[in-house]
Amino acid sequence: MITEYLRYRVPEGQGSQFEQAYRRAGTVLSESPQCVGWDVARSVDEPACHVVRIRWTSAEGHLEGFRKGPHFPRFFAEVRPYVGDIEEMRHYEELAAGEGPPTLYDWAGGEQALTALTEEFYRHVLQDDLLEPLFRGMSPDHPRRVAHWLGEVFGGPKAYTEERGGYSTMLGMHLGKAITERQRRRWVSLLQDAADDVGLPADPEFRAAFTGYLEWGTRIALANSQPDARPVKQAPVPRWGWGVAPPFTPAQ
């Protein structure tokens, strides 16, 4: 992932219009598979100064994928009036970061815990009348691969991308499956049961984030599995965090 920094000095009296323009442009960025995230900040010391950060899958994804893709004209139409106000526009790669909350991956117990989770889960799946037809004949290595996917989503190593190719491979696992809503709900329920069985953390904050991803991810998988689906073919592996409820740390 790479971050594009744009530093603006917006003329007096145009700050509000600039911010509104970037909010509209941001909706276009959010539709782009090359964009991982974006934000706009205004200086409290010099209100004319604004910083825009856009996180891309890669510099190539930005310059070749986004700039030459269908989303760029709509994005540029919004920000074009302010191109002359740019003082800096560069790509940066992250070299170091300060301590923040632990990742969901670390909180869960890392690769060992997630592998135990998926192995227990798929034992139940293969005995379940509703889900077994979807997974009949699955590779013996499938639980480990799903553990790698969950690990990468929850902030761990990029093992799934490095070994399997990332989002497009996971998408291909669902195409044409015609998953039903009952099957989706059973999948979520059995994985939550497996989390209890193997002793994943049961604190409300972790389980809220964990369940939030399961709901989000399975609903996308269901939609992408339908015969008439037209899913996005290329996108980064999602990165899931704590959301509105960070991990609870007792006062010392």
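Going by the structure above, here's the rest.
Residues numbered from 1 in each chain as written. Predicted model: local features only at pLDDT ≥ 70, side-chain atom pairs only at ≥ 80, totals over all residues. Heavy atoms only, no water.

1. As for the environment of valine 146
Move 1: Tracing the chain through its elements places valine 146 in helix α7 (residues 142–153).
Move 2: C-alpha separation for the pair valine 146 and methionine 89, spaced 57 residues apart in sequence, amounts to 38 Å.
Move 3: Setting aside chain neighbours within four positions, we find valine 146 in contact with Thr118 and Tyr122. (Helix = DSSP H or I, 4+ residues; strand = E, 2+ residues; numbered from the N terminus. Contact = heavy atoms within 4.5 Å.)

2. Points about the sheet that holds strand β4 (residues 86–92)
Move 1: Taken in spatial order, the four strands make up an open sheet running β2-β3-β1-β4, and their pairing is antiparallel. Two strands bound the open sheet, and with one partner strand each, they are β2 (35–42) and β4. When strand polarity is set aside, the average angle formed by the axes of neighbouring strands in this sheet is 10°.
Move 2: In terms of strand pairing, β2 meets strand β3 (residues 49–56) through seven bridges, oriented antiparallel. What sits directly across from aspartate 39, in β3, is arginine 53. (Pairing = 2+ DSSP bridges. Axes fitted to C-alpha atoms, helices over the stretch in contact; angles between N-to-C directions.)

3. Looking at the packing of helix α10 (residues 181–198) against helix α11 (residues 204–224)
Move 1: Running from N to C, α10 and α11 cross one another at 150°; their axes reach a closest spacing of 10 Å. Taken together, the axis directions place α10 and α11 in an arrangement best described as roughly antiparallel. As for how α10 packs across α11, the hand of that crossing is right-handed. Contacts from Glu181, Arg184, Trp187, Val188, Leu191, Gln192, Ala195 and Asp196 of α10 reach α11 at Arg207, Phe210, Thr211, Leu214, Glu215, Thr218, Arg219 and Leu222. (Parallel < 35°, antiparallel > 145°, perpendicular 65-115°, else oblique. Left-handed = near helix turned anticlockwise from the far one by under 90°.)

4. Regarding the layout of surface pockets
Move 1: In this model, the largest pocket occupies a volume close to 1,200 Å³.
Move 2: Along the wall of the largest pocket there are 44 residues; nearest its centre are Trp149, Met170, Tyr213, Gly217 and Ile220.
Move 3: Those elements giving two or more residues to the lining of the largest pocket turn out to be α1 (15–31), β2, α6 (132–135), α7, α9 (167–174), α10 and α11.
Move 4: In terms of residue count, the dominant contributor to the lining of the largest pocket is α11 (nine residues).
Move 5: In this structure, the second largest pocket encloses a volume near 750 Å³.
Move 6: Taken together, 28 residues make up the lining of the second largest pocket; nearest its centre are Met1, Lys158, Pro236, Val237 and Arg239. (1 Å grid on protein atoms, 1.4 Å probe; cavity = no way out; pocket = protein on both sides within 12 Å on 5 of 7 lines; lining within 4 Å. Points joined across faces, edges and corners; volume = space filled by probe spheres on them.)

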